[in-house]
Amino acid sequence: MQNALLIGLSRQMTLERQMDVIANNVANANTNGFKADHSLFEEFLNSNAREDNFIGADRRVSYVQDRGTFRDIGQGPMEPTNNPLDMAIDGSAYFVVQANGGERFTRDGKFSLNATGQLVTSDGNLVLGTGGPITFQPTDHDINVAPDGTVTVLEGTAKTDSIRGKIRMASFDDPAKLTKLGANLYAVGSAVPQADTKSTVRQGYVEKSNVNAVGEMSRMVEVMRSYTAIANLLQQQSDLHKSAIEKLADVPA
């Protein structure tokens, strides 16, 4: 295959995977606590097709290769909900939840109570406190969450606060090492969790996605245009090759 075709096809393959990443970001632009992904590219050099009787060294052909993605761990905007069970973390920490497979981590603080009075995520995973799941009594009211995560309530006709637990928050030296599992959950991966003492909890707020929808749509249009331009280039190369073969066939013997 000609080098021009190989270069064009390699670029189209990376553009297709980049489009998948962008489309996933756009689809999660309104997902609470979602962190945007971005593609990483690098140049891949390889020698072109060659014959041993060429004079001088062959020039190397430059391909493009997507070597992976990186996660934007920047904090998303805070949106007030006035729901006392909604919580957002102001800082770099993550909520710790109990899901299938063990402890998982999330920035989505859209919480509620299950049938047994336990604090759970929107998918039903238990929200963990420093002493385990946080459970409320049927007579609890006036739920308050302090900036340090301490959850207090007024029970029945009592005039003094009762503590129901303390929201557990974990931080990581390198959050990029967390493994994304889907459903807004992360596994520890190669990262090392540690108790967070710097981040604070904001009650009655949820953290929105940090996806810049306008920027992602602009990138999507750019990728589509690039893909189309390369497709046109490949078509021109194919037509040129076809024309050359036809003219060579017309040369008298």
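Keep in mind that this is a model prediction, so the values were computed, not measured.

## So, the overall build of the protein
1) Next: The secondary structure content of the protein amounts to 2 helices and 19 strands.
2) Next: Looking at the protein as a whole, 37% of its 253 residues qualify as buried.
3) Next: Across the protein, the fraction of contacts at a sequence separation of at least 24, relative to all contacts at a separation of at least 6, is 61%.

## Quick word on the packing of aromatic side chains
1) Next: What the rule picks out here adds up to 4 aromatic pairs.
2) Next: A centroid spacing of 5.8 Å and a plane angle of 75° characterise the contact between Tyr 94 and Phe 172, whose relative ring orientation is edge-to-face. Separated by 78 residues along the polypeptide, Tyr 94 in strand β5 (residues 94–99) and Phe 172 in strand β14 (residues 169–172) bring together distant segments of the chain. In terms of burial, Tyr 94 and Phe 172 fall into one category: buried.
3) Next: Between Tyr 94 and Tyr 186, the ring centres sit 5.8 Å apart and the planes meet at 75°, which makes this aromatic pair edge-to-face. Separated by 92 residues along the polypeptide, Tyr 94 in strand β5 and Tyr 186 in strand β16 (residues 185–187) bring together distant segments of the chain.
4) Next: In this structure Tyr 94 comes out as buried when scored by relative accessible area, which is 2%.
5) Next: Relative accessible area serves as the criterion here: at 2%, Tyr 186 is assigned to the buried category.
6) Next: An aromatic cluster is present here, built from Tyr 94, Phe 105, Phe 172 and Tyr 186 joined pairwise through their rings.
7) Next: One residue, Arg 107, lies across the ring of Tyr 94, its end atom 5.9 Å from the ring centre.

What counts and how
- Residue indices follow the written sequence of each chain, beginning from 1 at its first position.
- Predicted model: local features are reported for residues with pLDDT of at least 70 only, side-chain atom pairs are reported and counted for 80 or more only, and whole-chain, interface and lining totals are derived from all residues.
- Hydrogens and waters are ignored; side-chain quantities use all the structure's heavy atoms.
- Each helix corresponds to a stretch of at least 4 residues labelled H or I by DSSP, and each strand to a stretch of at least 2 residues labelled E; elements are numbered beginning at the N terminus.
- The buried label goes to any residue with under 20% of its type's maximum accessible area, the exposed label to any with over 50%, and the partly exposed label to all in between, with areas taken from a 1.4 Å probe on protein chains only.
- In what follows, a contact means two residues having at least one pair of non-hydrogen atoms within 4.5 Å.
- Each pair of aromatic rings taken from Phe, Tyr and Trp, with Trp reduced to its six-membered ring, is defined by centres within 6.5 Å and is described as stacked if the planes are under 30 degrees apart, edge-to-face if over 60, and tilted in the remaining cases.
- Working rule: Lys NZ or Arg CZ, within 6 Å of ring centre, within 35 degrees of ring normal, means a charge sits over the ring.

Geometric descriptors of this kind do not, in isolation, establish any biological role.
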